[in-house]
Each structure stands twice: as structure tokens, then as C-alpha cells.
Amino acid sequence: MLSFFRKKKNQPPEDELKRKNLKPASNQLVRNFHTTGAHYAMKIIIRGERNTGKTQLFNRLQEEPFRSEYKPTQQLQCVSIDWNYRTSDDLVKVEIWDVVDKAGPDETPTDEVGFSGRVEVNDKRSAPPAAPLVDAVSVDVYKNTHGVILMCDLSRRWTLEYCEREIESLPSNFPVALMLNYQDLKDRFIVTDAEIEALVARHPNTTVIPCCMRDGFGLQAVRLFFNVPFLMMKYQILQRQLERMRTEMDGAVSEVRLVAAELDYSGFRKWLGGGAAGRGGGGRGGAGGGGAPGG
């Protein structure tokens, strides 16, 4: 494949291309024509208690910088990013959900100060009704989900208890990444390593990833975690394809056996003879020379 991108000896020179008002194909265009991989859609959700770093991870996965100011996320938000499995040609569109368990009220003030210093008052009576906020109560966030990332702050034990309740509600083989955030504040942790090891022993489907959203520590492991739900999704797709192939193969066997069971050579010879006689032939030579129609 790499040799395709090298300049070949018989390639027209650039001045000839300019004279003919032609442009050489870009590398991206060449890749588009030679992409042989399949297209997949994968959904990953991020859950956790308030102020555990869910939205910071959501932003980091979009390659956005860390935001030092904490602002509670009011409602569920989602984004799609492009991702690929290792060096394969498979194109994967990953939909990431930043899940809010209970949407908060819209804290936008009704009185806003403009740049002119004049107070601009919004008339609530004439304003259209606000759209309902979306959260985990109003939406089944696990529907069509392939993996979950749980954010945890080990300086607050209840955030770990939240994560374990979520893990216990999932199938035993469901891919889970337990993110231990705030590694830069590790001296404040009250949950011990032994407690984390015991949790993983109870739930082997859980992968523990220490992280720090402030400096991006652990993000590479998060991207590698995507391999797990992707391969499980691909495995399930292949299983369904194999089951369908098995059904089609059984049907093909039944079909050929049914046709073979109804074959009658004497009737076939009569059919050959009748066809030859109808065309004015006769005898053994006529039958042999005619053959089946179209045969």
C-alpha cells in the first residue's frame, strides 16, 4: 500500500499536468478509493457522581483542553468521534454520552447586563416554553450501549459505591472501565488499593484506570479500552452472521435433497423423446441429438 503513494517513473510531470489543467490526486482521495474496511457505530457512556470528572473526560476525548472552572453539567450531552481499531481499515464512529442522572434546573438568569451597561429583562410571559432537560431518568442510556466508563473520586467513598451499584446492574460480561480520577490529589484518598482489588475480584469485567483529567494522565488507556467493546461488538456481529449462514446452509442442503429425491430418469428420457419428436426427429439419434431445451 505504501508503494502506491510513491511517485512512479511513468507518472506525468507536474508541468504537463498544469498544461492540461489537471491536479494530482490528494493522498486523502487515494485513501478513500482504497479503503477496504467495514463501517461500524459504537456507543460508550460516561457515568458517575457529580464532580467526578465526567465532562472533563468527555471534553478530553474530543481533544479539547482542560477547563479549570467547575460548572455542573445541566443535562445529558453526546458527541461522535472517529476512532479506528489498531491499524485496521475499519472505520468506527464512536458516540460518547456524558450522562447526567438527574437534570438540574436551567440556571440562566432572567436579568442580564448587556455590554452597554443596560439591564436587559427577559419577559418570561412572552418567551416560548423551555424544552425539557434530558437525563438518565427520561432516557434509557444503556440502550444500544457497548461499554461504560465510570468516574470515581477515591477521596469520596460514595462515588465508588455509586460505581459498584452500576456495575452490579450490568451483565457480567459487559465492558466496564473504572476511572480513578484526581491522581494529582492522591494524598486525600480514603479508599485503599485493597478495596479496589476486592471490587475487581467481584466484577472481573471491570478494568481499573488511574487518571487525572487536569494533565491528561490515563487517556491513552481509555482509548485502548475502546478496543474491548469494539471487539465484543464485532464478535457478536460475526456470531449473528455465522448463525445466518448456518440457517442458509441447512436450507440449501434441504433444497438439493428435495430436488434430488424427485428426479426420475425414465420420465426424463420420455421428456427428451417427446421433445425430439415434436421437432420432427425420431429414433435414438434424434433423442440424443436434441437434448434438454437450453442444454
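Presented here is an overview of the structure given in this document. (Residues numbered from 1 in each chain as written. Predicted model: local features only at pLDDT ≥ 70, side-chain atom pairs only at ≥ 80, totals over all residues. Heavy atoms only, no water.)

Counting 26 residues, the largest nonpolar core has M42, V94, I149 and F226 as the members making the most contacts within it. Of all the elements in the fold, those that place two or more residues in this core are β1 (39–48), α3 (54–60), β2 (77–83), β3 (91–98), β6 (147–153), β7 (176–181), α6 (219–225) and α7 (227–261). Ranked by the residues each element gives to this core, the list is headed by β1, at 4 residues. Filtering out sequence-adjacent residues up to four positions away, V94 remains in contact with M42, I44, V79, S80, I81, W83 and F226. Y162, L170, F174 and L180 belong to the second-largest nonpolar core, a separate cluster that totals 22 residues. (Core = buried A, V, L, I, M, F, W, Y, C linked by side-chain atoms within 4.5 Å. Buried < 20%, exposed > 50% of the residue type's maximum accessible area, 1.4 Å probe, protein only. Helix = DSSP H or I, 4+ residues; strand = E, 2+ residues; numbered from the N terminus. Contact = heavy atoms within 4.5 Å.)

The subject of this paragraph is the pattern of salt bridges. It is possible for side chains bearing opposite charge to pair when their charged atoms get close. Per the counting criterion, the structure on display carries 10 salt bridges. For the salt bridge of K93 with D82, the shortest nitrogen-to-oxygen distance reads 2.7 Å. Pair noted here: K93 is in strand β3 and D82 is in strand β2, with a separation of 11 residues, a long-range link. According to the relative accessible area criterion, K93 is partly exposed, its value standing at 40%. Between D184 and R214 there is a salt bridge, with the nearest N and O atoms lying 3.6 Å from each other. Of this pair, D184 sits in the loop between β7 and α5 (193–202) while R214 sits in the loop between β8 (206–210) and α6, and the two are 30 residues apart along the sequence. With a relative accessible area of 38%, D184 lands in the partly exposed category. In the salt-bridge network here, residues are joined through shared partners; they are R47, D101 and E166. (Salt bridge = Lys/Arg side-chain N within 4 Å of Asp/Glu carboxyl O.)

Bringing the sheet that holds β6 into the picture now. Across the sheet, which stays open at both edges, the 6 strands sit in the order β2-β3-β1-β6-β7-β8 with mixed pairing between neighbours. Here the strands that pair on one side only, and so sit at the sheet edges, are β2 and β8. Neighbouring strand axes in the sheet, compared pairwise and without regard to direction, differ in orientation by 25° on average. Of the pairings in the sheet, the one linking β1 to β6 comprises 5 bridges and is parallel in character. Its bridge partner lying in β6, R47 is registered against L150. Strand contacts of helix α4 (residues 157–168): β1, β6, β7 and β8, with the helix running at about 160° to β6, the strand carrying the most contacts. Together, β7 and β8 form the strand contacts of α5, whose direction differs from that of β8 by roughly 155°. (Pairing = 2+ DSSP bridges. Axes fitted to C-alpha atoms, helices over the stretch in contact; angles between N-to-C directions.)

Remember, this is a structural readout, not a statement about activity or role.
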